[in-house]
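# Structural overview
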Amino acid sequence: MSAKDAPPPLPEPLLVEVADSHTHLDMQSGTVEEALARAAAVGVTTVVQVGCDVKGSRWAAETAAAHPSVHAAVALHPNEAPRIVLGDPDGWSRQGARDAGGDAALDDALAEIDRLAALPHVLGVGETGLDFFRTGPDGTAAQERSFRAHIEIAKRHGKTLVIHDREAHADVLRVLDEEGAPERTVFHCYSGDAEMAEICAAKGYYMSFAGNVTFKNAQPLRDALAVAPLDLVLVETDAPFLTPAPFRGRPNAPYLIPVTVRAMAAVRGIDENAMAEALAVNTARAFDY
């Protein structure tokens, strides 16, 4: 294993326990038990496991049912919806090549997400939203239809909406306004600027910051974190992605949350325990546990 692929070392434990509000344990190496044990050893005692497709959402629900410290969110990722409708000839989404299924296939997949969302250990509907980075104009109709359906599912089951917003800020905010956002809405891996943070704050949306808040080029994210109301801020890994500096490019996992918490505390100019305390309270409120 090269140094670049090696897992980063365990950080100094947090003194106040926190939650990783968004992770993908099914995409990380090792067992769930190992991941949870490493996280707990540094004060990360709760994780929200997030599904991106039907198979991953079923896995999230089963994993949450088996582990008290895991909560599940279930959804079709914004990039999954067009692949179901239009097909996925290159098998990019780890499922092999798929033929176009049309709107009927999307309806079937959404029906399964709806069924899973009713389960008691599923606390969130997500990640859903819009992604104009990876999906071109031909896929936007399927994305938006899927997003609107997920908003309806979240509201009907009283679950938290977890949003993936990539290069689509204005349209995500527009759809939320048109449909009416659920009582609890989280912008996962918040990627807007300070101006958008003020819009989110006014609407009571939670903003979850990932390891990229530590990246050198991420000053707009730090500016957003500086103005976001402290009671609307969450922390996440989005592991195995977005590993915080100085480990950028190496595999991410929930045990690296303390690195990001400390960076967030520095941006806010508060003590790391105060930051962790706020994050713990906010995540429990955001996901109603």
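Below: a short report on this structure. This is a predicted model, so every value here is computed, not measured.

## Looking at the side chain of serine 146
Its location among the elements puts serine 146 in helix H5 (residues 140-157). Those residues in contact with serine 146 that sit more than four places away from it in its chain are Leu76, Ala81, Leu106, Leu110 and Thr128.

## Some remarks on the pattern of salt bridges
If the charged atoms of two oppositely charged side chains come close together, the side chains can form a pair. Throughout the structure, instances matching the rule amount to 17 salt bridges. Ionic pairing is found between glutamate 112 and arginine 115, a salt bridge with its closest N-O pair at 2.9 Å. On the criterion of helical spacing, the pair formed by glutamate 112 and arginine 115 is a turn pair, its members being three residues apart in helix H4 (residues 102-117). Assessed through its relative accessible area of 13%, glutamate 112 is described here as buried. Taking the shortest distance from any N to any O, the salt bridge between aspartate 171 and arginine 174 comes out at 3.0 Å. In this pair, aspartate 171 and arginine 174 are both assigned in helix H6 (residues 169-179), three residues apart and thus about one turn of the helix distant. Judged by relative accessible area, which is 27%, aspartate 171 ranks as partly exposed. Among the charged side chains, a network of salt bridges with common partners joins Glu144, Arg148, Asp171, Arg174, Glu178 and Glu179.

## Some points on the nonpolar core
Formed by 84 residues in total, the largest nonpolar core has its most connected members in Phe147, Leu176, Phe187, Tyr190, Phe209 and Met264. The residues touching phenylalanine 147, leaving out its near neighbours within four places in the chain, are Thr128, Gly129, Leu130, Leu161, Ile163, Val172, Val175 and Leu176.

## Considerations on the packing of aromatic side chains
Taken as a whole and assessed by the stated rule, the structure comprises two aromatic pairs. Where tyrosine 190 meets phenylalanine 209, the ring centres are 5.5 Å apart and the plane angle is 50 degrees; that geometry is what we call tilted. Taken as a pair, tyrosine 190 in the loop between strand E6 (185-187) and helix H7 (194-203) and phenylalanine 209 in strand E7 (residues 206-209) lie far apart in primary sequence, 19 residues in all. Judged on exposure class, the residue tyrosine 190 and its partner phenylalanine 209 are both buried. Directly above the ring of phenylalanine 133 sits arginine 166, whose terminal nitrogen or CZ lies 3.6 Å from the centroid.

## Brief notes about the environment of methionine 264
By the element assignment, methionine 264 lies in helix H9 (residues 257-268). Look at methionine 264 and you get buried, because its relative accessible area is 0%. When the C-alpha atoms of methionine 264 and phenylalanine 209 are compared, they prove to be 8.4 Å apart, with 55 residues separating the residues in sequence. Not counting residues within four places of it along the chain, the set of residues in contact with methionine 264 comprises Phe209, Val213, Leu225, Val233, Leu234, Val235, Met275 and Leu279.

## Structural notes on the environment of serine 69
Its place among the elements puts serine 69 in the loop between helix H2 (54-66) and strand E3 (70-74). Of the residues examined, serine 69 reaches a relative accessible area of 22% and is grouped as partly exposed. Between the C-alpha atom of serine 69 and that of alanine 19, which follows or precedes it by 50 residues, the distance is 9.2 Å. The residues contacting serine 69, other than those within four sequence positions of it, are Leu36, Thr45, Thr46 and Val47.

About the criteria used
Residues numbered from 1 in each chain as written. Predicted model: local features only at pLDDT ≥ 70, side-chain atom pairs only at ≥ 80, totals over all residues. Heavy atoms only, no water. Helix = DSSP H or I, 4+ residues; strand = E, 2+ residues; numbered from the N terminus. Contact = heavy atoms within 4.5 Å. Salt bridge = Lys/Arg side-chain N within 4 Å of Asp/Glu carboxyl O. Buried < 20%, exposed > 50% of the residue type's maximum accessible area, 1.4 Å probe, protein only. Core = buried A, V, L, I, M, F, W, Y, C linked by side-chain atoms within 4.5 Å. Phe/Tyr/Trp six-rings, centres within 6.5 Å; stacked < 30°, edge-to-face > 60°. Lys NZ or Arg CZ within 6 Å of the ring centre and 35° of its normal.

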